[in-house]
Amino acid sequence: MRFQRRSERLVCGLTMLLSWTAIARAQWPGSAAVESGVVEGTSKTFGTLSPTVLTIGMGSMVPPNSSVTYATTQSAGGGVGIFQTAAPTVNWWTSFHLPNGAILDRVDMEACDFSNTGELYFAVVRGAVPAGAIQTFAAGGTGVQETPGCAFFQITPTSSNVIANDQFNYWIFFGWLDEYSVVLSVRSFRVRYRLQVSAAPAVATFPNDVPTTHPFFRFVEALAAAGITAGCAPESYCPNNPVTRGEMAVFLAAALGLHFPN
């Protein structure tokens, strides 16, 4: 019954936003959700297999207006968090920025809930540019348990979501329901994403020896499109030639954007 009442209030208060995105609620402790083979703090920056974790601290979380009152909680054993100190229920926002073409895997909210009545909600949305409509980006879920605690509460996309920075802005929004005190706090968000190799084009850059049917076509085209290689001759890549140390230097420096500091 209590969960039904919370849901009704949320629908009434966020009717327009609910038409764009699903919302995840946090009144259950759960355990920190860790993907198979992924340990916090060991994710790789490069490569397409392991997720990379972007952490958004509370300093980037913005209240909707100056009339919303809030405070921080700090403790040696419990870290630093933020909480709203008085009603009403409003949406807080924070933007996030990922590499263009990356795939969003999951968004975790690190939060603490020691309230038997209050709840936290959050969701991920994107907005078309310039000044376009807000759209669902990551679908949410719901869950309620009576035992409070601190945990990661997660949103997992229902399908692969590819970042398109030239078309969209990206935000996380979140807020408090029925409890505005230190017992209900948000600590951070963790945006988990993976890099990927671009899809193969329809026309080959090096048709002489890497046609569209070549097993390495997609990867060679990605190098060419990124400006890492111009091939070995007009319309040729020479895929079977050995790579010299000089050519390796060109590949790595161009791929990683290496440079000398000023």
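Before reading on, note that the structure itself is shown above.
Rules and cut-offs
Residues numbered from 1 in each chain as written. Predicted model: local features only at pLDDT ≥ 70, side-chain atom pairs only at ≥ 80, totals over all residues. Heavy atoms only, no water. Buried < 20%, exposed > 50% of the residue type's maximum accessible area, 1.4 Å probe, protein only. Helix = DSSP H or I, 4+ residues; strand = E, 2+ residues; numbered from the N terminus. Pairing = 2+ DSSP bridges. 1 Å grid on protein atoms, 1.4 Å probe; cavity = no way out; pocket = protein on both sides within 12 Å on 5 of 7 lines; lining within 4 Å. Points joined across faces, edges and corners; volume = space filled by probe spheres on them. Nonpolar A, V, L, I, M, F, W, Y, C, P; charged D, E, K, R; others polar. Disulfide = S-S within 2.5 Å. Core = buried A, V, L, I, M, F, W, Y, C linked by side-chain atoms within 4.5 Å. Contact = heavy atoms within 4.5 Å. Phe/Tyr/Trp six-rings, centres within 6.5 Å; stacked < 30°, edge-to-face > 60°. Expected span 1.5 Å × (residues − 1). Polar contact = N/O pair within 3.5 Å; in protein donor to acceptor, adjacent residues only side chain to side chain. Salt bridge = Lys/Arg side-chain N within 4 Å of Asp/Glu carboxyl O.

Where burial is concerned, most of strand E6 (residues 103-113) is hidden: 10 out of the 11 residues are buried. Two strands pair when backbone bridges link them, and E6 and strand E10 (residues 161-162) are joined in this way by 2 bridges, in the antiparallel orientation. Residue pairing for E10: Leu-104 is matched across the bridge by Asn-161. Sheet topology places E6 next to strand E12 (residues 184-194); 10 bridges connect them, and they run antiparallel.

Size it by volume and the largest pocket reaches roughly 760 Å³. As for the largest pocket, its lining consists of 30 residues, and the residues nearest its centre are Gln-196, Val-197, Ser-198, Ala-222 and Leu-223. Counting residues per element, the ones that place at least two in the lining of the largest pocket are helix H3 (217-225) and helix H4 (245-256). It is H3 that contributes the most residues to the lining of the largest pocket, 7 residues altogether. Of the volumes computed, that of the second largest pocket is approximately 250 Å³. Lining of the second largest pocket is provided by 13 residues; of these, Thr-229, Cys-232, Tyr-237, Glu-247 and Phe-251 occupy positions nearest its centre. When the residues that make up the lining of the second largest pocket are grouped by side-chain class, the tally is 9 nonpolar, 3 polar and 1 charged.

Taken as a whole, this structure holds 2 disulfides when the rule is applied. Between the sulfur atoms of Cys-112 and its disulfide partner Cys-150 the distance amounts to 2.0 Å. Taking the torsion about the sulfur-sulfur bond, which here is approximately 115°, the covalent link between Cys-112 and Cys-150 counts as right-handed. Residue Cys-112 is located in strand E6, and its partner Cys-150 is located in strand E9 (residues 149-155); the two are separated by 38 residues in the primary sequence.

If you look at the biggest cluster of nonpolar residues, it comprises 40 residues, and the most contacted ones within it are Phe-122, Ile-172, Trp-176, Val-186 and Phe-189. Contributions of two or more residues to this core are made by strand E4 (79-84), E6, strand E7 (119-128), strand E8 (134-138), E9, strand E11 (168-177) and E12. It is E11 that contributes the most residues to this core, 7 residues altogether. With residues near it in sequence (within four places) discarded, Ile-172 still touches Ile-56, Trp-92, Trp-93, Thr-94, Phe-96, Val-107, Phe-122, Ala-123, Val-124, Phe-189 and Val-191. Of all hydrophobic cores here, the second largest spans 7 residues; its members include Phe-206, Val-210, Val-220 and Tyr-237.

With that out of the way, let us pick up the packing of aromatic side chains. Under the definition given, this model contains 12 aromatic pairs. With a centroid separation of 5.2 Å and an interplanar angle of 80°, the aromatic rings of Tyr-70 and Trp-92 are classed as edge-to-face. Taken as a pair, Tyr-70 in strand E3 (residues 70-75) and Trp-92 in strand E5 (residues 92-95) lie far apart in primary sequence, 22 residues in all. Between Trp-92 and Phe-174, the aromatic rings sit 5.9 Å apart at their centres with planes inclined by 35°, giving tilted as the arrangement.

For an α-helix, the turn length of 3.6 residues means that residues three or four places apart are oriented alike. Compared with an ideal rise of 1.5 Å per residue, which puts 12 residues at 16 Å, H4 spans 16 Å between its outermost C-alpha atoms and is within 8% of the ideal. Phi turns positive one or two residues past the end of H4, at Gly-257, with a value near 65°.

All right, on to the environment of Pro-64 then. Inspection of the secondary structure puts Pro-64 in the loop between strand E2 (52-57) and E3. We classify Pro-64 as partly exposed; its relative accessible area is 36%. The spatial distance from the C-alpha of Pro-64 to the C-alpha of Val-90 is 7.1 Å, given a sequence separation of 26 residues.

Following the sequence through the fold, Thr-89 ends up in the loop between E4 and E5. Sequence-wise, Thr-89 and Glu-179 are 90 residues apart; in three dimensions their C-alpha atoms are separated by 9.4 Å. Discounting residues that sit within four places of it in the chain, Thr-89 has contacts with Tyr-121, Trp-176, Leu-177 and Tyr-180. A polar side-chain atom of Thr-89 sits 3.2 Å from the main-chain carbonyl oxygen of Trp-176. In this structure the side chain of Thr-89 is engaged in a polar contact, spanning 2.7 Å, whose partner is the side chain of Tyr-180.

The next point concerns the pattern of salt bridges. A pair can form between side chains of opposite charge whenever their charged atoms are brought close. The tally for this structure, following the rule as stated, stands at 4 salt bridges. The shortest N-O distance in the salt bridge between Glu-110 and Arg-190 comes to 3.6 Å. Note that Glu-110 is positioned in strand E6 and Arg-190 in strand E12, a separation of 80 residues in sequence. Classification of Glu-110 by relative accessible area gives partly exposed; the value is 27%. The exposure class of Arg-190 is buried, given its relative accessible area of 15%. The network of salt bridges with common partners includes Arg-106, Asp-108 and Arg-192.

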